[in-house]
Amino acid sequence: MAADDEKLKSSLSHGTYGFKGLKDHYEDRVDARFLPGLGHWFGMFDGHGGEHSADYLKDSLGDHVAAAVREAMPAFDDALAGARETAKRRKIEETQAKHAAQPTHGPREKEQLRQIEAAAREVDDRMDGLRQVSFGSPELAALRERLAGRRGWLDKASRKRRGGKDA
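Residues numbered from 1 in each chain as written. Predicted model: local features only at pLDDT ≥ 70, side-chain atom pairs only at ≥ 80, totals over all residues. Heavy atoms only, no water.

Visitor: I'd like to hear about the pattern of salt bridges, residue by residue, with values.
Guide: Applying the stated criterion across every chain, the model contains six salt bridges. In this structure, Asp-55 engages Arg-29 in a salt bridge whose closest nitrogen and oxygen atoms are separated by 2.4 Å. Taken together, the residues Asp-55 in helix α2 (residues 52-72) and Arg-29 in strand β1 (residues 29-35) connect sequence positions 26 residues apart. For Arg-29, a relative accessible area of 19% gives the class buried. With a closest N to O distance of 2.6 Å, Glu-111 and Arg-114 form a salt bridge. Of this pair, Glu-111 and Arg-114 both sit in helix α4 (residues 107-131), separated by three residues, roughly a single helical turn. Look at Glu-111 and you get partly exposed, because its relative accessible area is 33%. Three or more residues joined by partner-sharing salt bridges are found here, namely Asp-31, Arg-33 and Asp-63. (Salt bridge = Lys/Arg side-chain N within 4 Å of Asp/Glu carboxyl O. Helix = DSSP H or I, 4+ residues; strand = E, 2+ residues; numbered from the N terminus. Buried < 20%, exposed > 50% of the residue type's maximum accessible area, 1.4 Å probe, protein only.)

This is the structure:
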């Protein structure tokens, strides 16, 4: 399996929930897996009065889809590898261009950045103080939540001022 497939495979988590209703057993099936080269596959199959068709689809439909794609595109694996190389090359070029055009900061921007970082340190200090106190009160939990949200906003503002990602 390619390194890109491994990275994509581990990048997503999922969960399912089923309810059998009035029947004596659960007839629905869920198939969630990774199809190499294609990505994540999710299937939900309703038993409709019996689990046999849902079992068959869960066990085989994903494999049939993957086989059909490869049959329809005999050079699928080569095309996928080429697309990955093109995407990597573009990402490298974008990163290099971005770093080459880093913004320069004047005195006003530097002062704003200093104020943002000072506010972030203040939030960190207040949160450290709150950690010393019992978390039993809802008011304290709400205050801590507001401070955590403010810290996230300050981090984003700091990145924006620095010309960073997620600005």
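There is more to say after this.
Visitor: Could you give an account of the pairing of β1, naming the residues involved and the relevant values?
Guide: As judged from the seven bridges shared by β1 and strand β2 (residues 39-45), these two strands associate in the antiparallel manner. Looking across to β2, one finds that Asp-31 is bridged to Gly-43. Where β1 folds back on β2, the antiparallel hairpin that results is connected by three residues, among which Gly-37 adopts a positive phi of roughly 85°. (Pairing = 2+ DSSP bridges.)

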